[in-house]
Amino acid sequence: MIPWRFILFGLGLALAVYLHFFFAHRQWRRLKGKHSFEIDVDYIRMENFIPQSFRLKVKEWLQLPDVTEAGAGERIIRKGKEEISVTGPLVVEEGERSNQILIVEGDFKCGPECEFDKEIYVEGDARIGRETSLQSLAADGSLVLEDGVSVARWIDSAGEMVIGSGCRAVARITSQTAIRLGKGTKALSVFAREVSTPGWQDRPGNPPAPDLETLLEVPSPEGGSMPAEVAQKAGLDAVLFTTLGSESWRYAGDFEPSVPLRIKGNLIVKGHCRLSEGSVVEGNLKTAKWLVVGARSVCEGSVVAGGDLCIGPACVLRGVTHAGGSVLVRSGVRARRDGALTVLYSGEQLLVETDVFIAGKLAAAGGVLVADPDEGEKWIEKRQRHSVQFRV
């Protein structure tokens, strides 16, 4: 006897499973191995992917047929319930407000205390007056934000961007050229080939490098064990050193050398770490807890801290710098390397003092803030109150 009920149940179950994959199967059959042009695989690879997407939309909007003349060189494009204002070079007077998307075919300038509730695209250079509120802005030329400008989302420029004191951006600040940050600037992330804070223009070069001949050398891990004489001179315990392969040292404790070191290879510290002033790390440096890099030190590889991180004055960073806690970047720091960009990231807040230069990206979950040296001292004092071991 044929078990029809079981067969029907099986067919129903198979149909239910297939329905979960129906749309994917249909798309697969339609493509048949061809590339899908509905997905831009390069989209998320660009730091300014949102502004670039906005520029593409602008090109599409300008092709819309529903265009009405508004007089005085302005025309209005209606896109659903939104209005897009297209003008030539534009100057907006003090205190004016706009709730239209603006497309400026030329230079754009606005006076103080204006309000723009929608996105702005500028084909030329742009200058935004003090205490103005923006939604978002993309400029194909240079961009200047005067003091106290607030941005509800993002700003982007193809040319140099100069940001005044106390400006705020909720999301990203990006430029294809350079960004000059003013005191008190705050954003979720900042990206350009050149990112600098006030005072860098006066001293654009790298700080003098430590004299390698005068440094106590921690040998390459290829030797297999740490020489007791080297550890003793550094004020460290040779027993706590072990090797991880032929390229990495592991230190099972708090790493606080009493003299500047030249560390060959990578170093992994299971506790906290404080490098003496003028040290050189030729590989990567990783700590499980907080990390202090002494003034005028050089880190050739990546720097990773499980807790808070303080990069001392006039340090040079060549790789990716990351901390699970808060980060303080002190005056005179230079972060750049040949042929690639650098990244500084904090899992909390990233404070950057004056006279700092980064070729690449600054980002923090709690925001990037250009701070005065006094704020840096308060950052240090706060951590010293919580830990008697924390000192710089």
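Residues numbered from 1 in each chain as written. Predicted model: local features only at pLDDT ≥ 70, side-chain atom pairs only at ≥ 80, totals over all residues. Heavy atoms only, no water.

1. Here we look at the pattern of salt bridges
Then, number 1: Tallying each qualifying case throughout the model produces 25 salt bridges.
Then, number 2: Ionic pairing is found between Arg318 and Glu300, a salt bridge with its closest N-O pair at 3.7 Å. With a gap of 18 residues between them, Arg318 in the loop between strand S33 (316-317) and strand S34 (320-323) and Glu300 in the loop between strand S30 (298-299) and strand S31 (303-305) connect regions that are remote in the sequence.
Then, number 3: Of the charged contacts, one joins Arg330 and Glu377 as a salt bridge, the two residues approaching to 3.1 Å between their closest N and O atoms. (Salt bridge = Lys/Arg side-chain N within 4 Å of Asp/Glu carboxyl O. Helix = DSSP H or I, 4+ residues; strand = E, 2+ residues; numbered from the N terminus.)

2. Here we look at the nonpolar core
Then, number 1: Membership of the largest hydrophobic core comes to 72 residues, with the highest contact counts inside it found for Phe108 and Phe255.
Then, number 2: Here the element with the most residues in this core is strand S39 (residues 357-370); it accounts for 5 residues.
Then, number 3: Leave out the neighbours within four places in its chain, and Phe255 touches Leu236, Phe241, Leu261, Ile263, Leu267, Val269, His272, Cys273, Arg274 and Leu275.
Then, number 4: Of all hydrophobic cores here, the second largest spans 11 residues; its members include Val58, Trp61, Ile84 and Tyr121. (Core = buried A, V, L, I, M, F, W, Y, C linked by side-chain atoms within 4.5 Å. Buried < 20%, exposed > 50% of the residue type's maximum accessible area, 1.4 Å probe, protein only. Contact = heavy atoms within 4.5 Å.)

3. Topic: the packing of aromatic side chains
In this description, an aromatic ring pair is defined by two values, namely the gap between the centres and the angle between the planes.
Then, number 1: The final tally for this structure, using the stated rule, is 10 aromatic pairs.
Then, number 2: Between Trp200 and Phe357 the ring centres are 4.8 Å apart and the planes differ by 20°, which places this aromatic pair in the stacked class. Of this pair, Trp200 sits in the loop between strand S20 (186-196) and strand S21 (216-218) while Phe357 sits in strand S39; the two residues are 157 residues apart in sequence, bridging distant segments of the chain. Just as Trp200 is buried, Phe357 falls in that class too.
Then, number 3: Within the aromatic cluster, the residues linked to one another by ring pairs are Phe241, Trp249, Tyr251 and Phe255. (Phe/Tyr/Trp six-rings, centres within 6.5 Å; stacked < 30°, edge-to-face > 60°.)

4. Things to note about unusual backbone geometry
Then, number 1: Phi at Arg296 takes a positive value of approximately 60°, unusual for a residue other than glycine.
Then, number 2: With respect to the secondary-structure elements, Arg296 resides in the loop between strand S29 (291-293) and S30.
Then, number 3: Positive phi is not limited to glycine here, since Ala314 has a value of about 60°.
Then, number 4: Note on placement: Ala314 falls in the loop between strand S32 (309-311) and S33.

5. Details of the layout of surface pockets
Then, number 1: In this structure, the largest pocket encloses a volume near 250 Å³.
Then, number 2: Forming the walls of the largest pocket are 16 residues, and the residues nearest its centre are Arg274, Leu275, Val292, Gly294 and Val392.
Then, number 3: The set of elements that each furnish at least two residues to the lining of the largest pocket consists of strand S26 (273-275) and S29.
Then, number 4: Partitioning the lining of the largest pocket into residue classes produces 8 nonpolar, 3 polar and 5 charged.
Then, number 5: The volume enclosed by the second largest pocket comes to roughly 150 Å³.
Then, number 6: Around the second largest pocket, the lining residues are Ile50, Ser53, Phe54, Lys57, Trp61, Lys79, Glu82, Ile101, Glu119, Arg153 and Trp154.
Then, number 7: In terms of residues, the lining of the second largest pocket owes the most to one element, helix H3 (residues 49-61), which gives 5 residues.
Then, number 8: Broken down by class, the residue content of the lining of the second largest pocket amounts to 5 nonpolar, 1 polar and 5 charged. (1 Å grid on protein atoms, 1.4 Å probe; cavity = no way out; pocket = protein on both sides within 12 Å on 5 of 7 lines; lining within 4 Å. Points joined across faces, edges and corners; volume = space filled by probe spheres on them. Nonpolar A, V, L, I, M, F, W, Y, C, P; charged D, E, K, R; others polar.)

6. Structural notes on the confidence of the model for the chain
Then, number 1: Mean pLDDT over the chain stands at 88; residues scoring 70 or higher make up 91%.
Then, number 2: Confidence drops under a pLDDT of 50 for residues 39-44, and excluding neighbours within four residues, the segment shows 2 contacts in the predicted structure. (pLDDT = per-residue confidence, 0-100.)

7. Some words on a nonpolar patch on the surface
Then, number 1: Taken together, the side chains of Phe9, Leu13, Val17 and Phe21 present a nonpolar region at the surface, about 430 Å² in accessible area.
Then, number 2: With respect to the element layout, Val17 can be found in helix H1 (residues 4-20).
Then, number 3: Overall, the relative accessible area of 42% leaves Val17 in the partly exposed class. (Patch = residues over 30% accessible without salt bridge, like charges linked within 9 Å, V, L, I, M, F, W, Y side chains within 5 Å. Areas by Shrake-Rupley, 256 points an atom, 1.4 Å probe, with all protein chains shown as cover.)

8. Let's talk about helix H5 (residues 373-386)
Then, number 1: Across its 14 residues, H5 extends 21 Å between first and last C-alpha, which sits within 8% of the 20 Å expected from 1.5 Å per residue.
Then, number 2: Looking at the packing, one finds that the buried side of H5 touches S32, strand S35 (327-329) and strand S38 (350-352). (Expected span 1.5 Å × (residues − 1).)

9. A look at the environment of Thr177
Then, number 1: Mapping Thr177 onto the fold places it in the loop between strand S18 (172-175) and strand S19 (178-180).
Then, number 2: Residue Thr177 is classed as partly exposed on the basis of its relative accessible area of 30%.
Then, number 3: Note: C-alpha distance between Thr177 and Glu160 (17 residues apart in sequence) is 5.4 Å.
Then, number 4: Setting aside residues up to four positions removed in sequence, Thr177 forms contacts with Ala158, Gly159, Glu160, Ala192, Arg193 and Glu194.
Then, number 5: A distance of 2.6 Å separates a polar atom in the side chain of Thr177 from the backbone oxygen of Ala158. (Polar contact = N/O pair within 3.5 Å; in protein donor to acceptor, adjacent residues only side chain to side chain.)

10. Thoughts on the side chain of Thr87
Then, number 1: Structurally, Thr87 can be placed in strand S3 (residues 82-87).
Then, number 2: When its relative accessible area of 10% is taken as the criterion, Thr87 is described as buried.
Then, number 3: Leaving out residues up to four positions away in the same chain, Thr87 has contacts with Gly73, Glu74, Ile103, Val104 and Glu105.

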